[in-house]
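What follows is each chain in one-letter form.
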Amino acid sequence: MRQGEISLAGLLALFSLYLMWKSAELPIGYISGKGPGGGFWPFWLSLGMLLSCLAIAWNWWRGKSPASVSDEPLMDAFGWRTVISVGGGIVAFVALISAVSMYGAVAFFLIYYLHFLGRHSWLLTLSLALVLPIGLFLFFEGAMQISMPQGLPFTQPFFDVMYDIIY
């Protein structure tokens, strides 16, 4: 646990520095008459994450967190199975995007996660797997005017119906 805590804090600190560096390619301050620059939110949120990592490292060095004084292994067999089952679901989700669209991948991921991992009822699972992707479609494609990946041609009838609804 001790090694895992400081390793993860260090990895996240490096990631924070990278995000701060990349977001600084855009204005990170307030632009008079326009509002925050394009890099404002990513930069300042990354700075907050970096400061949190430094606080974790400080508490680790002083031995103030339970993990920093523990000799237990980072994860037991159940922990590894959980990481693999959730991580595998996320990998499958990303792989499905190009085939069944972002919204179809969200639906499949919800079915996997809610029913098979979470052991929730089919009624709740299918309700959320239907309503959430449609809500995301209306938000991104309708309100925000941001197109998400639409997958292979067989998904086009869904998009035709949904575009008829919002336009």
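Residues numbered from 1 in each chain as written. Predicted model: local features only at pLDDT ≥ 70, side-chain atom pairs only at ≥ 80, totals over all residues. Heavy atoms only, no water.

Thoughts on the overall build of the chain
- Within the chain, the regular secondary structure consists of five helices and two strands.
- Along the chain direction, N to C, the helices and strands of the chain fall in the order α-β-β-α-α-α-α.
- Whereas a compact globule of 167 residues would reach a radius of gyration of roughly 15 Å, the chain reaches 21 Å, over 25% beyond that.
- When each of the 167 residues of the chain is scored for burial, the buried share is 25%.
- Of all intrachain contacts in the chain linking residues separated by at least 6 positions in sequence, the fraction that spans at least 24 positions is 53%.
- For the chain, the exposed surface amounts to about 11200 Å²; the carbon and sulfur share of it is 74%.
- Looking at the chain, you have 7 positive and 8 negative side-chain charges, and the mean spots of the two groups are 12 Å apart. (Helix = DSSP H or I, 4+ residues; strand = E, 2+ residues; numbered from the N terminus. Rg over C-alpha atoms; globule rule 2.2 N^0.38 Å. Buried < 20%, exposed > 50% of the residue type's maximum accessible area, 1.4 Å probe, protein only. Contact = heavy atoms within 4.5 Å. Areas by Shrake-Rupley, 256 points an atom, 1.4 Å probe, with all protein chains shown as cover. Lys, Arg positive; Asp, Glu negative; His and termini not counted. Charge placed at Lys NZ, Arg CZ, Asp CG, Glu CD.)

Focus on the environment of A24
- For A24, the location among the structural elements is in the loop between α1 (2–23) and β1 (30–31).
- Taking the C-alpha atoms as reference points, A24 and P42, separated by 18 residues in sequence, lie 8.8 Å from one another.

What about the nonpolar core?
- Within the largest apolar cluster, ten residues are counted, these being F93, I97, V100, A105, V106, A107, L110, I111, L114 and A129.
- With nine residues, helix α3 (residues 77–117) is the largest single contributor of residues to this core.
- Contact partners of L110, with chain neighbours within four places excluded, come to H115, T125, L128, A129, L132 and P133. (Core = buried A, V, L, I, M, F, W, Y, C linked by side-chain atoms within 4.5 Å.)

Focus: the side chain of T155
- Tracing the sequence through the fold places T155 in the loop between α4 (122–143) and α5 (156–166).
- We classify T155 as buried; its relative accessible area is 9%.
- Among the polar contacts listed, one links the side chain of T155 to the backbone oxygen of Q150, at a separation of 2.5 Å.
- Every residue in contact with T155, bar those within four places of it in the chain, is listed here: A99, V100 and Q150. (Polar contact = N/O pair within 3.5 Å; in protein donor to acceptor, adjacent residues only side chain to side chain.)

Comments concerning α4
- With 22 residues, α4 ought to run about 32 Å at 1.5 Å a step, and its terminal C-alpha atoms sit 30 Å apart, in line with that.
- Of all the residues in α4, the buried ones are T125, A129, P133, F137 and E141. Down the axis of α4, the sector holding all buried residues measures 90 degrees, keeping them to one side. Counted as exposed and oriented over 90 degrees from the buried face of α4: L123, V131 and A143. (Expected span 1.5 Å × (residues − 1). Arc of directions from axis to C-beta.)

Concerning unusual backbone geometry
- If you check the backbone angles, S101 has positive phi at about 80 degrees while not being a glycine.
- The residue S101 is located in helix α3 in this model.
- Given a relative accessible area of 2%, S101 falls into the buried group.
- The phi torsion at R119 lies on the positive side, around 60 degrees, for a residue other than glycine.
- The topology assignment puts R119 in the loop between α3 and α4.

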